[in-house]
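Structural overview
The residues making up each chain are set out below.
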Amino acid sequence: MTSVLYDAQGPRAKQRNILYTLLFVLCAAAVVWWVYVGLADKHQLDWIKWKPFFTSPQPWQTYIWPGLQNTLKAAFFALIIALPLGALFGIGRLSDHRWVRVPAGVVVEFFRAIPVLILMIVANAVYAEYTNISTDVRPLYAVVTGLVLYNFSVLAEIVRAGIHSLPQGQTDAAKAIGMRKGQTMVFVLLPQAVTAMLPAIVSQLVVIVKDTALGGAMMTFPELLSSVRPMSANYGANTIACFTIVAVLYVVVNFALTSFASWLERWLRRTKKGTGAVVGAGPGGGLETIGAPALVVDDGRAV
C-alpha cells in the first residue's frame, strides 16, 4: 500500500530492515555487555558499593537531600525572576517604538550570546568585589544571577514567538473595539499565547535545573551533582553508584516538571470555551462567535 508520505516497502526492503534491526540490537547488546564487564572488573557493581543507598538514610540526609534542596532553590529563584523579565523584554521587542524595541533587542541578544558559566563567574566576582554578601551564600547569588541573565533572554524570545504565533485577527478585533496597544497585549494576546508558550517555558525550566550543576563545578555551590565527590569518598569510592543515584534524581525531577506542564497545557486547552471564529450576526446586531472566544463584539462593546 502506497502512502502520501512514503512508498510501501517491498519484500527485499522488509528483509533489509529486519537485518538492520537485528544488527543494531546485536551491536547495542555488545556495547551493554562491554560496559557491564568493565564495571564488574572495577568492582563498581558490587553490592557493598550500592548498599548505603538502600539500607541507610545517612547518605540521603547528609549529601543527597541538601544538594537537591539547593538545586531546586536556585532553579526556583532563577525562574521567578527570569520569567517576568523575559515577558517584559519579549513584549518590548514587539513595541512599535524604536527607542523601546532596539534597546530590548540589544539586551536580549547580548545575554543570549554569552555562555551561562561566564555569567556566573562574572557575577561571583562582582559580588565579591562590590558587595558585602557572605561567602556562604555568595555562590547561590552568583548561580541565580547567571541563570537569570541567560534564561530571561531565552524566555524573551519564547514570549515573542508565542505572541507572533497568534492570528492577526485577534489584534485587528481588539483595535476594532477601541483597545489600546497595552490593553490588546495584556487582555487579548498574552492570555492566548500562554498555552502555546508553556511547553517551551517548561523545557527552559528543565535547562535551568540542569545548569545549576555548573555552579557546583566552578564555584563550590553545594548543589545535587557536587554531592557526588564527598559522598563517593565517604563510601568507598562508589563513583558509579553515586552518579547513578544522582542521575535518577535529575530524571525524576525533570520528568515531574514535564508531566505537570503537560497536564497544565491540557487543562488550559480544555478550559478554552471557543476559538473566536466569527460566524454571523448576533441577535443584537453584533458579531457571534463559536463558543466563548477571547474577544467578542456585541453592539460595539467588549463582553
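Going by the structure above, here's the rest.
What about the overall build of the chain?
Broken down by element type, the chain carries 10 helices and 4 strands. Written out in order from the N terminus, the α and β elements of the chain read α-α-α-α-α-α-α-α-α-α-β-β-β-β. Evaluated residue by residue, the chain yields a buried proportion of 35% over its 303 residues. Contacts in the chain between residues far apart in sequence, at least 24 positions, make up 65% of those at least 6 positions apart. Put simply, the chain shows about 18,500 Å² of open surface, and 67% of that area lies on carbon and sulfur atoms.

Remarks on the packing of aromatic side chains
On inspection of all chains with the given rule, the structure shows 10 aromatic pairs. Among the aromatic residues, ring-to-ring pairing joins Phe89, Phe110, Phe111 and Phe152 into one connected group.

Let's talk about the nonpolar core
Judged by nonpolar contacts, the single largest core of 55 residues is most densely connected at Phe53, Ile64, Val143, Leu147, Leu224 and Met231. The element that contributes the greatest number of residues to this core is helix α6 (residues 138-164), accounting for 12 residues.

Quick word on the packing of helix α2 (residues 47-55) against helix α10 (residues 239-271)
The description of two packed helices rests on the angle between their axes and on the distance between the axes. Running from N to C, α2 and α10 point in directions that differ by 35 degrees, and their axes come no closer than 8 Å. When the axes of α2 and α10 are compared, the crossing they make is right-handed. Of the residues in α10, those in contact with Lys49, Trp50 and Phe53 of α2 are Ile240, Ala241, Cys242, Thr244 and Ile245. For the contact of α2 with α10, the per-class residue count stands at 6 nonpolar, 1 polar and 1 charged.

Some details on helix α4 (residues 98-113)
Over its 16 residues, α4 extends 22 Å from the first C-alpha to the last, a length consistent with the 22 Å expected when each residue adds 1.5 Å. Of all the residues in α4, the buried ones are Ala104, Gly105, Val108 and Phe111. Down the axis of α4, the buried side of the element spans an arc of 150 degrees, and every buried residue falls inside it. Exposed positions of α4 whose direction lies more than 90 degrees from the buried face are Arg98, Trp99, Val106 and Ala113. Turning to α4, the residues buried within the fold contact α3 (58-92), α5 (116-130) and α6.

Regarding the side chain of Thr212
Inspection of the secondary structure puts Thr212 in helix α8 (residues 181-218). The class of Thr212 is buried, set by a relative accessible area of 0%. Engagement of the side chain of Thr212 in a polar contact is seen with the backbone oxygen of Val209, the distance being 2.6 Å. Once you skip the residues sitting within four places of it in the chain, Thr212 turns out to touch Thr71, Ala74, Ala75, Val143, Leu147, Phe221 and Glu223.

Things to note about the side chain of Gln192
The topology assignment puts Gln192 in helix α8. Of the residues examined, Gln192 reaches a relative accessible area of 16% and is grouped as buried. Of the polar contacts made by the side chain of Gln192, one reaches the backbone oxygen of Val188; its length is 2.8 Å.

A short note on a nonpolar patch on the surface
A surface patch of nonpolar side chains, amounting to about 530 Å² of accessible area, comprises Phe76, Phe77, Ile80, Ile81, Leu85 and Leu88. Summarising the element assignment, Phe77 is placed in helix α3.

Focus on α6
With 27 residues, α6 extends 39 Å from end C-alpha to end C-alpha; this agrees with the ideal 39 Å at 1.5 Å per step. For α6, the tally of buried residues reaches 20 of 27 residues, placing the bulk of the element in the interior.

A few points about the environment of Leu119
Tracing the chain through its elements places Leu119 in helix α5. Placed 25 residues apart in sequence, Leu119 and Val144 show a C-alpha to C-alpha distance of 9.9 Å. With residues up to four places along the chain from it excluded, the contact list for Leu119 reads Phe111, Ile114, Gly146, Leu149 and Tyr150.

Quick look at the pattern of salt bridges
According to the stated counting rule, one finds 4 salt bridges in the structure shown. Among the ionic pairs, Glu109 bridges to Arg93, the shortest N-O distance being 3.1 Å. Here Arg93 lies in the loop between α3 and α4 and Glu109 lies in helix α4, a separation of 16 residues in the sequence. Taking the shortest distance from any N to any O, the salt bridge between Glu157 and Arg160 comes out at 2.8 Å. With a gap of 3 residues between them, Glu157 and Arg160 both fall in helix α6, about one helical turn apart. A relative accessible area of 14% places Glu157 in the buried class. On the accessibility criterion, Arg160 (24% relative accessible area) is partly exposed. By sharing partners, the salt bridges in this structure join Arg93, Glu109, Arg112, Glu157 and Arg160 into a single network.

Calculation criteria
Residues numbered from 1 in each chain as written. Predicted model: local features only at pLDDT ≥ 70, side-chain atom pairs only at ≥ 80, totals over all residues. Heavy atoms only, no water. Helix = DSSP H or I, 4+ residues; strand = E, 2+ residues; numbered from the N terminus. Buried < 20%, exposed > 50% of the residue type's maximum accessible area, 1.4 Å probe, protein only. Contact = heavy atoms within 4.5 Å. Areas by Shrake-Rupley, 256 points an atom, 1.4 Å probe, with all protein chains shown as cover. Phe/Tyr/Trp six-rings, centres within 6.5 Å; stacked < 30°, edge-to-face > 60°. Core = buried A, V, L, I, M, F, W, Y, C linked by side-chain atoms within 4.5 Å. Axes fitted to C-alpha atoms, helices over the stretch in contact; angles between N-to-C directions. Left-handed = near helix turned anticlockwise from the far one by under 90°. Nonpolar A, V, L, I, M, F, W, Y, C, P; charged D, E, K, R; others polar. Expected span 1.5 Å × (residues − 1). Arc of directions from axis to C-beta. Polar contact = N/O pair within 3.5 Å; in protein donor to acceptor, adjacent residues only side chain to side chain. Patch = residues over 30% accessible without salt bridge, like charges linked within 9 Å, V, L, I, M, F, W, Y side chains within 5 Å. Salt bridge = Lys/Arg side-chain N within 4 Å of Asp/Glu carboxyl O.

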